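# Summary of structural features
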Amino acid sequence: MLPPSPPGWRLLGLGLVLVSVGAVLEASVQADSATGALNVLLIIVDDLRPSLGCYGDKLVRSPNIDQLASHSLLFQNAFAQQAVCAPSRVSFLTGRRPDTTRLYDFNSYWRVHAGNFSTIPQYFKENGYLTMSVGKVFHPGISSNHSDDSPYSWSFPPYHPSSEKYENTKTCRGQDGELHANLLCPVDIVDVPEGTLPDKQSTEQAIRLLEKMKTTGSPFFLAVGYHKPHIPFRYPKEFQKLYPLENITLAPDPQVPDGLPPVAYNPWMDIRQREDVQALNISVPYGPIPVDFQRKIRQSYFASVSYLDTQVGHLLSTLDDLQLANNTIIVFTSDHGWALGEHGEWAKYSNFDVTTRVPLMFYVPGKTALLPKAGEKFFPYLDPFNSTTELMEPGRQTMDLVELVSLFPTLAALAGLQVPPHCPVPSFHVELCREGQNLLKHFRFHDVENDPYLRSNPRELIAYSQYPRPADSPQWNSDKPSLKDIKIMGYSIRTIDYRYTIWVGFNPDEFMANFSDIHAGELYFVDSDPLQDHNIYNDSQHGELAQSLMP
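Residues numbered from 1 in each chain as written. Predicted model: local features only at pLDDT ≥ 70, side-chain atom pairs only at ≥ 80, totals over all residues. Heavy atoms only, no water.

## Remarks on unusual backbone geometry
This is how the line gets drawn: The secondary structure listing takes helices from DSSP runs of H or I that are at least 4 residues long and strands from runs of E that are at least 2 residues long, numbered from the N terminus. Think of it in three bands: with a 1.4 Å probe and only protein chains considered, a residue is buried below 20% of the maximum accessible area for its type, exposed above 50%, and partly exposed in between.
Cis geometry is found at the peptide bond from Ile231 to Pro232, where omega equals -5 degrees. The omega torsion of the bond from Val284 to Pro285 falls at 10 degrees, within 30 degrees of zero and hence cis. We note that Asp47 has phi near 70 degrees; this positive angle belongs to a residue other than glycine. In this structure, Asp47 sits in the loop between strand E1 (39-45) and helix H2 (63-70). Asp47 sits in the buried class, given a relative accessible area of 0%.

## Regarding the confidence of the model for the chain
Applicable threshold: What pLDDT reports is the predictor's confidence in each residue, on a scale of 0 through 100. In what follows, residue pairs with any heavy atoms lying within 4.5 Å of each other are defined as contacts.
Residue-level pLDDT values for the chain average 91, and 89% of them are 70 or greater. Note that residues 1-34 has pLDDT below 50 and, in this model, 51 contacts with residues that lie over four places away or in other chains.

## Considering the state of the cysteines
Quick note on the threshold: Cysteine sulfur atoms are paired as a disulfide whenever they fall within 2.5 Å.
What the rule picks out here adds up to two disulfides. Each disulfide pairs two cysteine sulfurs, and for Cys172 the partner residue is Cys185, the sulfurs being separated by 2.2 Å. One disulfide, between Cys172 and Cys185, carries an S-S torsion of -100 degrees and so falls in the left-handed class. Residue Cys172 is found in strand E4 (residues 172-173), and its partner Cys185 is found in strand E6 (residues 184-187); the two are separated by 13 residues along the sequence. Judged by relative accessible area, which is 3%, Cys172 ranks as buried. Each disulfide pairs two cysteine sulfurs, and for Cys423 the partner residue is Cys433, the sulfurs being separated by 2.0 Å.

## Focus on the packing of H2 against helix H10 (residues 291-321)
What counts is decided by this rule: Orientation is described by lines fitted to C-alpha atoms, with helices fitted over the stretch in contact, and by angles between N-to-C directions that extend from 0 to 180 degrees. Orientation is classified from the angle alone, with under 35 degrees giving roughly parallel, over 145 giving roughly antiparallel, 65 to 115 giving roughly perpendicular, and any other angle giving oblique. The classification used treats Ala, Val, Leu, Ile, Met, Phe, Trp, Tyr, Cys and Pro as nonpolar, Asp, Glu, Lys and Arg as charged, and all other residues, Gly among them, as polar.
The interhelical angle for the contact between H2 and H10, taken along N-to-C directions, is 50 degrees, at an axis separation of 7 Å. Classified by the interaxial angle, the pair formed by H2 and H10 is oblique. Side by side, H2 and H10 meet where Pro63, Asn64, Ile65 and Leu68 of the first sit next to Leu308, Asp309, Thr310, Val312, Gly313 and Leu316 of the second. Here the residues of the contact of H2 with H10 sort into six nonpolar, three polar and one charged.

## Comments concerning the sheet that holds strand E12 (residues 463-469)
Cut-off, in case you're wondering: A pair of strands is labelled paired if DSSP reports no fewer than 2 bridges between them.
The antiparallel open sheet is built from four strands, whose spatial order is E12-E13-E14-E15. On the outer flanks of this sheet lie E12 and strand E15 (512-525), each paired with one strand and no other. In this sheet, neighbouring strand axes are inclined to one another by 20 degrees on average, regardless of whether the strands run parallel or antiparallel. Here E12 runs beside strand E13 (residues 488-494); their pairing, made up of seven bridges, is antiparallel. Bridged to Gln466 within E13 is Tyr491.

## Digging into the pattern of salt bridges
To keep things clear, this is the line we draw: Think of a salt bridge as a Lys or Arg side-chain nitrogen and an Asp or Glu carboxyl oxygen that are within 4 Å of each other.
Within the structure shown, the criterion is met by 17 salt bridges. With a closest N to O distance of 3.5 Å, Arg89 and Asp46 form a salt bridge. One end of the pair, Arg89, is in helix H3 (residues 85-94); the other, Asp46, is in the loop between E1 and H2, with 43 residues separating them in the sequence. Classification of Arg89 by relative accessible area gives buried; the value is 0%. Accessibility expressed as a relative area gives 0% for Asp46, which makes it buried. A salt bridge links Asp321 to Lys377; the shortest N-O distance between them is 2.8 Å.

## Looking at H10
Going by this rule: Take the residue count of a helix, subtract one, and multiply by 1.5 Å to get its expected span.
The first and last C-alpha atoms of H10 sit 45 Å apart over 31 residues, in line with the 45 Å expected at 1.5 Å per residue. Where burial is concerned, most of H10 is hidden: 25 out of the 31 residues are buried. Backbone geometry just after H10 places Gln323 at a positive phi near 60 degrees.

## A closer look at helix H12 (residues 407-414)
Of all eight residues in H12, eight are buried; the element is thus mostly enclosed. Turning to H12, its buried residues number three or more, namely Leu407, Phe408, Pro409, Thr410, Leu411, Ala412, Ala413 and Leu414. Positive phi appears at Gly416, one or two residues downstream of H12, with a value of about 80 degrees.

## A look at the sheet that holds strand E10 (residues 357-363)
The strand order across the open sheet built from seven strands is E3-E7-E1-E9-E10-E2-E11, with neighbouring strands paired in mixed fashion. The sheet is open, and its two edges are formed by strand E3 (130-135) and strand E11 (396-403), each paired on a single side. Direction aside, the axes of adjacent strands within the sheet are offset by 15 degrees on average. Examined bridge by bridge, E3 and strand E7 (residues 220-226) share six bridges and lie parallel to one another. Its bridge partner lying in E7, Val134 is registered against Val224.

## So, the environment of Leu404
Assignment of secondary structure puts Leu404 in the loop between E11 and H12. Along the sequence, Leu404 and Leu360 sit 44 residues apart, while their C-alpha atoms lie 8.5 Å from each other.

So, in structure tokens, the structure goes:
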């Protein structure tokens, strides 16, 4: 039986939320076991692929995120477990894979549907932390019980920016002077409803909370979820100037690969529903989008990333100003990636690297960087429009493959909390356990370099992802099938050498995959085919290898 949510839980205004914060703070003035513990700032971005300067992108201007990377441990090969919002967020926030949360769509709450699994913020809350949510952390709706998993995960009601309700409305001024619900939506902020944008509001609220946290001795766990660069690309129009169309290249592989099984393709139906895309009259399911519009999509995605970077910059600069950088762990990641024309696709909803690979970096004071000296600023705000700003190199990097499901044990370990045990199989009856690996060894820089037993064997590392389909060929609900319509599940294994995906029959009533019922397969060798364009699954030369990789 779930505890009832307080009346008006999601409708509290900013003033009431801050009053609630104060009440919780007063109640928490206690000598708990976590006194002196490290705080946690978890930044979650929506639909952000590693198109960042710190990941080697020469076009994108992301100086503030790059600056964070320069003081962090950066994971070059981090992968989400499902490339769609709600399943991915529930997966990494509970530390369980989608087959355990039983969430492949947006339409169920794991505590009712699968098991009463603990979450990262819940675990920190139970260990003496004040836990706070700003913006899109859990996916809103039934997948988080219409309450962002409150009151389990959070010390007081989560904050959602009031302007997010306009994201998909007609607020984009077209060439005809009228307002439209477009994909491409650069705006003048003074003209939009409320004169602001959701991510700007989230940053302002997160800053207020940091200022309040500075006055208390209680450790805090603050999760900040940013909307951009999720579609529509609604961002301040001045960021377009950073990306002149003549500088925008197309995806290196804009065609649908010849050997791609139809079941592996997603027809990006949500893009097609936008008014400016509808006007292009693009054929379903394979397109293609006209070249000039492809450049505009990529321009707006990159502009949205730079807008996001300014918000991260303001947030981290405040952390610096409040002298919290010396006792706060900062984690920056995304729920999944996004295709910008690769394989002829313009969305997530697949098992390719471009949609499952995400940025992931950890700043740990005194460990990934020396503690800042008195008066020293680690995160001064950097203006992306300043052309003299030099690209900062990441502090430390690792090429090892890791999974987002490892966030739970790793954050617990870095904060000095007891790491939840590995989950048994099955684990539906176990409230607190984790299915991801603890990545703590990656932070023992000296030990790893000198102790061969702490080093990873790259060929033993595996990242798992999966994606459901309703049919063998692309159709209207291929991108986001409801549970009852899932007939096929694509299970994907990514190693240092290859990505192997097998599409098998799936029974949604029993949550059961039938690995004897093979619908299609994919096999790509990363060294020779890094973009994963040449499927050799059916190549007789490699058929034996593909069969040996089957579960």
